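Examination of the molecular architecture
Residue strings, one per chain:
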Amino acid sequence: MKALVINGPNINMLGLREPQIYGSQSYEDLLNLIETAGKEYGFETADHYQSNHEGDLVDAIQNAYGIYDGIVINPAAYTHTSIALLDALKAVGIPAVEVHISDVSKREDFRQISYVRKACIATISGEGLDGYKHALHLLADYIKHDAQA
Ligand code: DQA
């Protein structure tokens, strides 16, 4: 069982970026959390990929086909704009969980739309970096039980 955690634009700026919204932990801290949580939930590998470019994120989803059993994705600002990411997730058909560090439901109107949500088995929002842990847990359960059914 292999997972890929994909992060979109500006997530590499964690710690520096609006700490009152995204917290003071760094992207490096997030990568450590992903590695630990991946092992805890039984993933052989929990790899990660971050890009500030939409097409690169599409490529990462396409390249996951045949390799990864599940995807955790925080598309960041592309959540609210990208049909290309939605289509890529649908194309590969890999179970995916959408994550947002902040509670997007309580923020600006333009953050209320999520295109990728339509291709995800669940959305986790407002749990800080622990949301990635929660997402890996859900994904592991889904792959072990539901995906086989
Ligand atoms: C975010 C929320 C998005 O609206 C924003 O553009 C981000 C991060 C989050 O993790 O809370 O960059 O996805």
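Anything mentioned here points back to the structure above.
Parameters and conventions
Residues numbered from 1 in each chain as written. Predicted model: local features only at pLDDT ≥ 70, side-chain atom pairs only at ≥ 80, totals over all residues. Heavy atoms only, no water. Helix = DSSP H or I, 4+ residues; strand = E, 2+ residues; numbered from the N terminus. Rg over C-alpha atoms; globule rule 2.2 N^0.38 Å. Core = buried A, V, L, I, M, F, W, Y, C linked by side-chain atoms within 4.5 Å. Buried < 20%, exposed > 50% of the residue type's maximum accessible area, 1.4 Å probe, protein only. Contact = heavy atoms within 4.5 Å. Near = heavy atom within 4 Å. Polar contact = N/O pair within 3.5 Å; in protein donor to acceptor, adjacent residues only side chain to side chain. Areas by Shrake-Rupley, 256 points an atom, 1.4 Å probe, with all protein chains shown as cover. Expected span 1.5 Å × (residues − 1). Pairing = 2+ DSSP bridges. Axes fitted to C-alpha atoms, helices over the stretch in contact; angles between N-to-C directions. Arc of directions from axis to C-beta.

Counting its regular elements, the chain contains five helices and five strands. What you see in the chain, going N to C, is helices and strands ordered as β-α-α-β-α-β-α-β-β-α. Computed over its C-alpha atoms, the radius of gyration of the chain comes to 14 Å, within 12% of the 15 Å expected for a compact globule of 149 residues. Counting only C-alpha atoms, the chain reaches 40 × 30 × 25 Å along its principal axes.

This paragraph deals with the nonpolar core. For soluble globular proteins, nonpolar side chains are generally found buried alongside one another. Within the largest apolar cluster, 28 residues are counted, with the highest numbers of intra-cluster contacts made by Ile11, Leu30, Phe43, Val72, Tyr132 and Leu136. Elements that contribute at least two residues to this core include exactly strand E1 (2–7), helix H2 (27–40), strand E4 (96–100), strand E5 (122–125) and helix H5 (130–144). Ignoring sequence-local partners within four residues, the contact set of Phe43 consists of Met1, Lys2, Ala3, Gly38, Leu136, Leu139, Ala140 and Ile143. If you look at the next biggest cluster of nonpolar residues, it comprises 19 residues, including Leu4, Tyr68, Val92 and Cys120.

Taken together, the neighbourhood of the ligand is formed by Arg17, Tyr22, Asn74, Ala76, Ala77, His80, His100, Ile101, Ser102, Val104 and Arg111. One of the side-chain N or O atoms of Asn74 is found 2.8 Å from an oxygen atom in the ligand. Within the side chain of Ser102, an N or O atom sits 2.6 Å from an oxygen atom of the ligand. Look at the ligand: alone it shows 330 Å² of surface, and the protein chains cover 98% of it.

Before going further, it helps to examine H5. Taking 1.5 Å per residue, 15 residues should reach 21 Å; H5 reaches 21 Å between its end C-alpha atoms and fits that length. Among all positions of H5, only Gly131, Tyr132, Ala135, Leu136, Leu139, Ala140 and Ile143 are buried. Packing partners of the buried residues in H5 comprise E1, H2, strand E3 (70–74), E4 and E5.

The parallel open sheet is built from five strands, whose spatial order is E2-E1-E3-E4-E5. The two strands at the open ends of the sheet, each matched to only one other strand, are strand E2 (45–50) and E5. Each strand of the sheet is rotated relative to its neighbour by a mean of 20°, with strand direction disregarded. With six bridges connecting them, E1 and E2 associate as parallel partners.

Attention now moves to helix H3 (residues 54–63). Those residues of H3 lying buried are Leu57, Val58, Ala60 and Ile61. Across the axial projection of H3, the buried residues extend over an arc of 160°, all falling on one side. Next to the buried residues of H3 lie E1, E2, E3 and helix H4 (83–92).

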